[in-house]
Amino acid sequence: MNTHEMTENYVMKTYNRYPISFVKGEGCYLYDENGKKYLDFLAGIAVCNLGHSHKEIAETICKQAKTLIHTSNLFHIKPQAELAKLICENSFGSKVFFCNSGAEANEGAIKLARRYAFERGKKGYEIIAFKNSFHGRTFASVSVTGQGKYNEGFGPMLSDVKFAEFNNIDSVKKIISKKTCGIIVEPIQGEGGIIPAEKEFLKELRNLANNYDAVLIFDEVQTGIGRTGKLFAYQHYGVEPDVMTLAKALGNGVPIGAIVTNERTSQILKPGLHASTFGGNFLSTAAGVKVMEIISDEKFLKNVEAKGKYLTEKLKEIKNELQGTISEIRGIGLMIGAILKIDGKKLVEKALKNGLIINVTGENVLRLVPPLTITQQEIDEGIEILKESIKETLS
Ligand SMILES: *Cc1c(COP(=O)(O)O)cnc(C)c1O
């Protein structure tokens, strides 16, 4: 039985998969079982920010696996402490809690906001979230996800969640009250179609959270770890949250999530109130330390910014050259969205056939989130394939 047949027979069908199984990765390239080479502009959905089979990451993981993988949080864990220190030193953070995924980080952040209200003797437990958002698939995280398709048939959702319009502060003012304990927002909506928040909007959210004594949570699961040319997207905005959630690229593919808290919120979750068996174990945090060491470098981040600009310029050239195929290009750093006027699904298939991995999200938005280590030459190569694939999609 080949991989496809085994998947069909034994894996629960919760995904529509492309008929490709990769067997090897190297930098920005993936290879399938027939030896075909693909340029990867998706990076495992903004996870492999340092590309595939990164030498130092691979060595770190191997070495750690041969030394110690897991002991539980009943004991001290050196790489966990080191990773927490690195995250705090490079952000607004005061303390960090480790878990295993983005949804789990958001789940914990929402629990933290509720508990914050409890400790402050607040009169309500309402969470404000945004339409078109995505925060994950666990019950609380899907309850604050503002896209109906993700929670249909799973109700009742978590109660006391209210939705406002993204980038519309008046819609928040209409529903915020003394009963509000938390606001959760993505600085750039990712799954929703790469929609950056406006500066004023996040600033006003910060003010509202202060005025109503609510916990402001930034979901940086997708935007974090250098993706936007800064280590964290909030650093573009001059607005600090109380809590930030991380996952995706933090382990470059090793499952890890984190809740980063400021001074005001770092004492809320006390012993016994929140926990994770796997969370912060030796293997995942050793990977995280190495990832953070490499990506937090000023020069590395400047490079991401430059490459983001370059890729955006190249996309604009396609937009001008192939009129009527792309209507808008948006994003920050190497988190770029292009609104398509053509069939996105067909484009992805054509690109795969031509050896380029891309993805369409939101309502027909081409999402480009390549490894941050991509070279200018690789960008040029990807752009050529993309252009060709757009032409084939048209014909
Ligand atoms: C991917 C994503 C999540 C969910 O992360 P999982 O690791 O799949 O649980 C949450 N929030 C945002 C913004 C994401 O992009």
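Rules and cut-offs
- Counting of residues starts from 1 at the beginning of each chain's written sequence and follows it residue by residue.
- Local features are withheld for residues below a pLDDT of 70 in this predicted model, meaning they are given only at 70 or higher, and side-chain atom pairs are given and counted only at 80 or more; totals for whole chains, interfaces and linings count all residues.
- Each side-chain value is derived from all of the structure's non-hydrogen atoms; neither hydrogens nor water enter the calculation.
- In this text, helices come from DSSP runs of H or I with a minimum length of four residues, and strands from runs of E with a minimum of two, each type numbered from the N-terminal end.
- To get the radius of gyration, use the C-alpha atoms; to get the globule rule, take the number of residues to the power 0.38 and multiply by 2.2 Å.
- Burial classes: relative accessible area under 20% of the type maximum marks a residue as buried, over 50% as exposed, and values in between as partly exposed (1.4 Å probe, protein chains only).
- This count recognises Lys and Arg as positive and Asp and Glu as negative, with His and chain-terminal groups excluded.
- Throughout, a charge is located at the NZ atom of Lys, the CZ atom of Arg, the CG atom of Asp or the CD atom of Glu.
- Pairing between two strands is assigned when DSSP locates at least 2 bridges connecting them.
- The rule is short: rings of Phe, Tyr and Trp, with Trp giving its six-membered ring, pair when the centres are within 6.5 Å, and they are stacked under 30 degrees, edge-to-face over 60, tilted in between.
- Lysine and arginine charges are scored as sitting over a ring when NZ or CZ, respectively, is within 6 Å of the ring centre and within 35 degrees of the ring normal.
- Lines fitted to the C-alpha atoms define the axes, with helices restricted to the stretch that makes contact. Angles between their N-to-C directions range from 0 to 180 degrees.
- When the near helix sits turned anticlockwise from the far one by under a right angle, the crossing is termed left-handed; a clockwise turn instead gives a right-handed crossing.
- Residue contacts follow a heavy-atom distance rule, with two residues in contact if any of their heavy atoms lie within 4.5 Å.
- UniProt positions are given in the numbering used here, feature names are shortened, and annotations may be inferred rather than shown by experiment.
- Here a residue counts as near a molecule or strand whenever at least one of its heavy atoms sits within 4 Å of it.
- Pairs of N or O atoms are called polar contacts if they sit within 3.5 Å, as long as, within protein, a hydrogen donor faces a hydrogen acceptor (for residues adjacent in sequence, only side-chain-to-side-chain pairs).
- To be clear on the numbers: accessible area is Shrake-Rupley with a 1.4 Å probe, and residue cover counts the displayed protein chains and nothing else.

Draft legend 1. Seen up close, the overall build of the chain. Helix and strand counts for the chain stand at 12 helices and 17 strands. Against the globule reference of 21 Å for 395 residues, the chain gives a C-alpha radius of gyration of 21 Å, in line with a compact fold. Across the 395 residues of the chain, 55% fall into the buried class. Across the chain, the 50 positively charged side chains and the 46 negatively charged ones have centroids separated by 3 Å.

Draft legend 2. Inspection of the sheet that holds strand β3 (residues 37-40) at higher detail. Pairing is mixed in the open sheet, where 4 strands are placed in the order β1-β2-β3-β15. Taken across any chain shown, the strands that pair with only one partner, and hence form the sheet edges, are β1 (22-26) and β15 (356-357).

Draft legend 3. Region of interest: the packing of aromatic side chains. Inspection of the entire model under this criterion finds 7 aromatic pairs. Geometrically, the ring pair formed by F92 and Y234 is edge-to-face, given 5.4 Å between the ring centres and 80 degrees between the ring planes. Of this pair, F92 sits in the loop between α4 (78-89) and β4 (95-99) while Y234 sits in the loop between β10 (215-219) and β11 (243-246), placing them 142 residues apart in sequence. Both residues of the pair, F92 and Y234, count as buried. Ring centres 5.6 Å apart and planes at 70 degrees place the aromatic pair F166 and F201 in the edge-to-face group. Of this pair, F166 sits in the loop between β6 (161-164) and α7 (169-175) while F201 sits in helix α8 (residues 199-211); the two residues are 35 residues apart in sequence, bridging distant segments of the chain. For the pair formed by F166 and F201, the shared burial category is buried. The ring of Y31 carries K24 above its face, with NZ or CZ at 4.8 Å from the centroid. In this structure, K37 is placed above the aromatic ring of Y29, and the distance from its NZ or CZ to the ring centre is 4.3 Å.

Draft legend 4. Region of the structure containing the packing of α4 against helix α9 (residues 282-295). As a packed pair, α4 and α9 sit with axes 8 Å apart at the nearest point and diverge in direction by 35 degrees. Our pair here, α4 against α9, has a crossing hand that is left-handed. Facing α4, whose interface residues are K78, P79, Q80, E82, L83, L86 and I87, α9 presents F282, T285, A286, G288, V289, M292 and E293.

Draft legend 5. Broad picture of the UniProt feature "binding site: N(2)-acetyl-L-ornithine" (unreviewed entry) in the chain. Under the feature "binding site: N(2)-acetyl-L-ornithine" (unreviewed entry), the UniProt entry names R137 and S276. Its location among the elements puts R137 in the loop between β5 (126-130) and α6 (139-143). By the element assignment, S276 lies in the loop between β12 (257-261) and α9.

Draft legend 6. Layout of the pairing of β3. Pairing analysis gives 3 bridges linking strand β2 (residues 29-32) to β3, with the strands arranged antiparallel. Following the sheet pairing, L30 is matched in β3 by Y38. The antiparallel hairpin formed by β2 and β3 contains 4 residues in its connecting segment, where G35 sits at a positive phi of about 85 degrees.

Draft legend 7. Looking closely at the environment of L42. One can find L42 in the loop between β3 and α2 (43-46). According to the relative accessible area criterion, L42 is buried, its value standing at 13%. When near neighbours in sequence (up to four residues on either side) are disregarded, L42 contacts I357, N359, V369 and P370.

Draft legend 8. Expanded view of the environment of G35. Of note, G35 is situated in the loop between β2 and β3. With a relative accessible area of 53%, G35 lands in the exposed category. In sequence terms G35 and Q376 are 341 residues apart; their C-alpha atoms lie 24 Å from each other.

Draft legend 9. Looking closely at the site of the ligand. Close contacts around the ligand come from S101, G102, A103, N106, F134, H135, G136, E186, D219, V221, Q222 and K248, and that covers them all. Between an oxygen atom of the ligand and a main-chain N or O atom of A103, the distance comes to 2.7 Å. Measuring from a nitrogen atom of the ligand, one finds a backbone N or O atom of F134 at 3.4 Å. Expressed as a share of its isolated accessible area of 380 Å², the protein-covered part of the ligand is 80%. Sort the elements by how many residues they give to the shell around the ligand and helix α5 (residues 102-119) lands first, with 3 residues.

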